[in-house]
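Remarks on the overall topology
Single-letter residue listing:
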Amino acid sequence: MQYEAIIGLETHVQVKTASKMFCGCATDFGAPPNTQVCPVCLGYPGSLPVMNEEAVRKTILAGLMLGCDIARLCKWDRKNYFYPDMPKNYQISQYDMPLCRGGGVDIKLKDSREVRIGLTRIHLEEDVAKNSHFETTSGVDFNRAGLPLMEVVSEPEIKSPDEAFAYLTALKEILVSGGVSDCDMEKGQLRCDCNVSVRPVGQKEFGAKIEIKNMNTISGVRRALAYEIPRQIVALEKGEKISQETRRWDDAPGVTSVMRTKEYAHDYRYFPEPDLMPVVVSDAMLAQIRELLPELPEAKRQRFMQQYGLPEYDAGVLVTDAALAAYYEQAVRWSKNPKSISNWVTTELLGKLAEAKLTIAECPIAPPQLAELVTLIDGGQISGKIGKDVFAEMFTTGKSPSAIVKDKSLAQVSDTAAIEAFVDEAIAKNPKSVMDFKAGNQAAINFLKGQVMKLSKGKVNPQMAGEILLRKLRGS
Amino acid sequence: MTLHTQTIHELRAQLRRSKVSAREVTQALLDRIAALDRKLKAYIWLNRDDALAQAEAIDRTGAAKDGKPLAGVPIAIKDLINVEGQPCTCASKILQGYVAPYDAFVIRQLREAGAVLLGRTNMDEFAMGSSTENSSWGVTRNPWDLERIPGGSSGGSAAAVAADEAIAAIGTDTGGSIRQPAALCGCVGLKPTYGRVSRYGLVAFASSLDQIGPFTKDVEDCAILLGVLAGHDVKDSTSVAQAVPDYTRALGKSVKGLRVGIPKEYFIAGTDREVAAAVRGAIQKLQSLGAEIVELSLPHTEYAVAVYYLIATAEASANLARFDGVRYGLRVAGDDPIEMYRRTRGAGFGPEVKRRIILGTYALSAGYYDAYYLKAQKARTLIRRDFEKAFEKCDVIVTPTSPTAAFKAGEKMDDPLQMYLSDVFTLSVNLAGICGISIPCGFTTRPKLPIGLQIMGKPFGEEMILRVAHAYEQATEWHLQRPNL
Amino acid sequence: MSEKTSDIDISYVAYLARLGLTEAEAAQFSAQLKDILKAVEKLNELDVTNVEPTAHAVPLTNVLRKDEVQPSIASADVMRNAPQQARGLFIVPKIVEQG
Ligand SMILES: [Mg+2]
Ligand SMILES: [Zn+2]
């Protein structure tokens, strides 16, 4: 029998703000434990939450980028459950009136077909603390408690581990490009719960839903699903009954295992949060946030291909990172050769950055300097080969290419008399090759040209060198 | 001159003219407390040195001459409000050892006004009760009859003011917890409009109902103290950004032509005969002062107790979830967190708190939410509308504060439902979010126990209820009577 | 509501609330809550079909703060209240992962 998987993802994304969701504590990562806390985010008696405007705005921005309907009226609710990482033992979240509904994420399948994975909703809530475990005890650090968290809930429309991977990658790209979140998975800024079930192809009803909790890498989600789907299919084929349960993903052995079964299902006792007032999203507020809408990566890719005449590959590489795309566009502004700039950025520049473990923001070469380098090459002032040395020098020193060319006397020799001297020397030193050429071996000229370049240490204009060589050999 | 019997406005005049120092006043109160509080138990925590140091600082800086409204006036604080560096137990074992790291908004206001924070008053645990018997630290006694309770939950604050152990006090009111003990102890107590006083630093019982308010010896003091407590606070999202008037300017105005509403649902069988007679007498007094009496109806009154106990306990069940032994307060060890929670909360909370957590949890739990909590919220809307309609016909509404005078300790402890019914006249004010004040309006005969008159006002109608209360008080002498201690 | 009030599962509700009750307390509360819930049934007399619920006593909306960092509280003040602590962490009995 053929089976199909049905997957829905709940993705928690940390919204990029300076202060926490309901208090003024800083959101900086890596501070010593329990130093970015206050009565509010520690759940002290008598403290009250006050909503961070920026978190609301950025969630609306995310909703606009993902094509959601933005609620004109939304409210906050308390979700009640006890856990040591939960300061108040209830989480302030949104239950029946979330900020965003609908929308979707476009992904490209392996066969190049594009599909849209629908979203159910996006709501805003507060993060919990971070637990660490010792032999007989656990420790709790509340620095993370109260960070603004966006929960993006997909429809159960994802059909394979690869689609889940593509969905999360696209979602991340969009949220990063809009400045909604950095989605830094090493800092736990993007975490994912999967709901997955399988059923025989053709069957209408869904199979029993298995939830896999708290995965913090996109590839982990793919691997967990690649493990879990066949596990369920094998179980069904063996005639076993799958019942609803929650499982955890263990990355090292690469397996999922049971966390809890349905008997322990939560009774969250949601009710409206009396300490927070509803938010009314006005036309004016929406218009203001719309102004912040960045170009989506796909639209930018199309524009790069048209505006700069780039091949699809180049454009694709450049738009993966909004900062890289911005760097490219700045450099192009100083140059007449967008394709050449693209070549330098996508090969040399990305290579050097990776080697030095730097981000594009930390790049020592300013965009106009890269443009200047391309202009020097295109204008024949330096050869392409010398250009690479100059680029390396620019990367380590941050100097301008013209300064480096001048300091190191790397300028290309285009003076006829000087080139003639090198040509004469090459002819004198290689009589055999001269004879070969005269005997009709056209290839011999390439060897001689190489010799001219060698004698000049690569500085003569190769085209001129070739012409002079030919003239001398024919004429003499 | 006995300093402890003075009012704020009397003391203020003397402090300004340096007839007396803040230190002397504070010392007089500490002496009074030392002499009386062993039998009254109004206070549960006091730091004499700290109180005197605050008073000396006031004297040193000449704050009284600067015209700070409470400079040098000792004020007692209900143990439900955070004061930096002080314990705040909420009369519960579960907060044993907790030291507040911050000041509540009202505490900052009081400090700014030059008040001397005198000590922490007893209360029903987490403000859940109407008699101050649900305290983990013992029962507070009514200054008029030590066999009897002072009302609750702010019983310690009411008793302290009535017994001259404080010049004034701060309490909180979720369903009558200021007005009812004020009535039973014979002092003035006001519950402000929801949103008028910041709740930041007030340990939440029922967040949509709680308000902080003053206990004073007369209406003028009440106006002064309310002016200090009120104000907009950005740390409380339910605080309203409306300018605070000078409430004392509402005093001394006549009630001539004002319409006083009398809701028929508040004059029913079950109210003590002497209480009913005293309130009728007060209404006649207002009429004789020129007020127009308007008979009206608040038809959903009979549902208020049910609505209140569902909403208040549901909110409380979440508000009290944070007391879990992880970050502060009591912890009873357990093998895993769940066991630790159950033991800590089992040992830390008293029976009334447990009962309400169970009721509130049940009202919110799967399958019951619509039938209980949601229905109560909808009925709350009907109660609010009753008042909106009523205030189209009148300027204030006058009722008894409590159906009976102070009852004997232990009398209602085994019957929570009877205890809940003693709040029947006060809790609608909290459900509607409006303001209300209780002032003395007479005494029962045997024994002599105070009776309270409740005056309810529109949202942000504090000036109006103070005006009516003051006019009545000035025409009577009930507020001048003192218990024989 | 009436058919449900007779069977409050007090141990389930106490578990939800993480509230340890003695047997005597459980028995006493069961009886008292039955009375209270019976009184609460009075609400059944009301028709609230088209009535909006009241969640707040004041009609405010959009109470928001600017995204500005405010100082946190001193670590000593935080840790002074901790029943158990080590290396700046609040220590609890080992958490058995439940999700
Ligand atoms: Mg969530
Ligand atoms: Zn904080």
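Computed from a predicted structure; not experimentally measured. (Residues numbered from 1 in each chain as written. Chains lettered and ligands numbered in written order. Predicted model: local features only at pLDDT ≥ 70, side-chain atom pairs only at ≥ 80, totals over all residues. Heavy atoms only, no water.)

**A short note on the overall build of chain C**
Looking only at helices and strands, chain C features four helices and three strands. Along the chain direction, N to C, the helices and strands of chain C fall in the order α-α-α-β-α-β-β. A total of 99 residues make up chain C; the buried ones form 41% of that total. Accessible surface for chain C amounts to roughly 5300 Å². Of this, 51% is attributable to carbon and sulfur atoms. (Helix = DSSP H or I, 4+ residues; strand = E, 2+ residues; numbered from the N terminus. Buried < 20%, exposed > 50% of the residue type's maximum accessible area, 1.4 Å probe, protein only. Areas by Shrake-Rupley, 256 points an atom, 1.4 Å probe, with all protein chains shown as cover.)

**So, the coordination of the zinc ion (ligand 2)**
Residue and element names in this part refer to chain A. Coordination of the zinc ion (ligand 2) by the protein is provided by C23 (SG), C25 (SG), C38 (SG) and C41 (SG), with metal-donor distances spanning 2.3 to 2.4 Å. Given four donor atoms and angles of 100 to 116 degrees at the metal, the environment of the zinc ion (ligand 2) is assigned as tetrahedral. Sequence positions of the donors to the zinc ion (ligand 2) reduce to the motif C-x1-C-x12-C-x2-C. Take C23 and C25: they sit in the same class, and that class is buried. (Donors = N, O, S within 2.8 Å, 3.2 Å for Na, K, Ca; no water. Tetrahedral: all angles 85-135°; square planar, octahedral: opposite > 155°, others 65-115°.)

**Some thoughts on the nonpolar core**
In this structure, A:Y167, B:L70, B:L110 and B:F126 are the most contacted members of the largest nonpolar core, which totals 280 residues. Broken down by element, this core gets its largest block of residues, 12 residues, from helix α9 (residues 304–319) of chain B. Residues within four places of B:F126 in sequence aside, it is in contact with B:L80, B:C90, B:S92, B:I94, B:L95, B:V203, B:F205, B:L320, B:F323, B:F349 and B:V353. One finds A:L318, A:A331, A:V374 and A:F395 within the second-largest nonpolar core, a separate group that totals 34 residues. (Core = buried A, V, L, I, M, F, W, Y, C linked by side-chain atoms within 4.5 Å. Contact = heavy atoms within 4.5 Å.)

**Considerations on the pattern of salt bridges**
All names here are of chain A. For the coordinates displayed, the defined rule picks out 52 salt bridges over all chains. The salt bridge partner of E329 is R303, with a shortest N-O separation of 2.8 Å. With a gap of 26 residues between them, E329 in helix α7 (residues 322–332) and R303 in helix α5 (residues 297–308) connect regions that are remote in the sequence. With relative accessibility at 19%, the residue E329 sits in the buried group. (Salt bridge = Lys/Arg side-chain N within 4 Å of Asp/Glu carboxyl O.)

**Some details on helix α4 (residues 105–112) of chain B**
Residues and elements named next belong to chain B. Of the positions making up α4, those classed as buried are F105, V106, I107 and L110. Those residues of α4 that are buried lie in contact with β2 (74–78), β3 (116–121), β4 (168–173), β6 (211–216) and α7 (219–229). Once α4 ends, the next one or two residues include G114, with phi positive near 90 degrees.

**Re the sheet that holds strand β3 (residues 89–93) of chain C**
Strand order in the open sheet formed by four strands is β10(A)-β11(A)-β3(C)-β2(C), and the pairing between neighbours is antiparallel. Only two strands of the sheet have a single neighbouring strand rather than two, namely β10 (130–133) of chain A together with β2 (85–86) of chain C. Bridge count for strand β11 (residues 137–141) of chain A against β3(C) is four bridges, and the pairing is antiparallel. Bridging from a neighbouring strand, A:V140 pairs with C:F90 of β3(C). (Pairing = 2+ DSSP bridges.)

**Some thoughts on helix α12 (residues 370–393) of chain B**
For α12(B), spanning 24 residues, the distance from its first C-alpha to its last is 34 Å, which sits close to the expected 34 Å at 1.5 Å a residue. Along α12(B), the sharpest kink reaches roughly 25 degrees, centred on B:A376. (Expected span 1.5 Å × (residues − 1). Bend = angle between axes of the 7 residues up to and from the residue.)

**Some thoughts on the interface of chain A and chain B**
Taken together, the contact between chain A and chain B spans 30 residues of the former and 39 residues of the latter. Carbon and sulfur atoms make up 61% of the area that chain A and chain B hide from each other, which totals about 2700 Å². For the pair chain A and chain B, the number of links is one salt bridge. For B:R199, the salt bridge identified is with A:D275, shortest N-O distance 3.0 Å. Counting the contacts that link chain A with chain B gives 16 residue pairs in polar contact (both at pLDDT 80 or more). Those elements giving two or more residues to the side of chain A that touches chain B turn out to be β5 (77–80) and β17 (271–272) of chain A. Of the residues contributing to the side of chain A that touches chain B, the split by class is 20 nonpolar, five polar and five charged. (Buried area = accessible area lost by both parts, 1.4 Å probe. Polar contact = N/O pair within 3.5 Å; in protein donor to acceptor, adjacent residues only side chain to side chain. Nonpolar A, V, L, I, M, F, W, Y, C, P; charged D, E, K, R; others polar.)

**Here's the deal with the coordination of the magnesium ion (ligand 1)**
All names here are of chain A. Distances from the magnesium ion (ligand 1) to its protein donors, H12 (NE2), E125 (OE) and E151 (OE), fall at 2.0 to 2.6 Å. For the magnesium ion (ligand 1), the single-chain donor residues occur in sequence as H-x112-E-x25-E. With E125 in strand β9 (residues 114–126) and E151 in strand β12 (residues 148–154), this residue pair connects regions lying 26 residues apart in the sequence. Like E151, E125 is buried.

**Digging into empty space enclosed by the protein**
Considering all chains together, one arrives at seven cavities of 30 Å³ or more under this definition. What the largest cavity holds in volume is close to 130 Å³. Forming the walls of the largest cavity are 15 residues, and the residues nearest its centre are A:S47, A:L48, A:Y90, A:D275 and B:R322. Here the lining of the largest cavity is composed, by residue class, of seven nonpolar, three polar and five charged. (1 Å grid on protein atoms, 1.4 Å probe; cavity = no way out; pocket = protein on both sides within 12 Å on 5 of 7 lines; lining within 4 Å. Points joined across faces, edges and corners; volume = space filled by probe spheres on them.)

**A word on the layout of surface pockets**
Residues and elements named next belong to chain A. Each pocket or cavity is described by its volume, and for the second largest pocket that value is around 730 Å³. Lining the second largest pocket are 23 residues, and of these D106, K108, A170, E173 and E298 sit closest to its centre. Residue contributions to the lining of the second largest pocket reach at least three from each of two domains, namely domain 1 (3–288) and domain 2 (297–407). (Domains from an automatic or database assignment.)

**Examining the sheet that holds β3(B)**
Residue and element names in this part refer to chain B. Spatially, 11 strands are ordered β1-β3-β2-β4-β6-β5-β10-β11-β9-β7-β8 in an open sheet, and the strand pairing comes out mixed. Two strands bound the open sheet, and with one partner strand each, they are β1 (43–46) and β8 (292–296). Adjacent strand axes in the sheet meet at a mean angle of 30 degrees, parallel and antiparallel pairs treated alike. In terms of strand pairing, β4 meets β6 through five bridges, oriented antiparallel. Each residue of the ladder has a partner; that of D173, found in β6, is Q211. On the sheet, α4 packs against β2, β3, β4 and β6 and is oriented at approximately 145 degrees with respect to β3. The strands that helix α5 (residues 155–162) touches are β1, β2, β3, β4 and β6; relative to β4, the one it contacts most, it runs at about 155 degrees. (Axes fitted to C-alpha atoms, helices over the stretch in contact; angles between N-to-C directions.)

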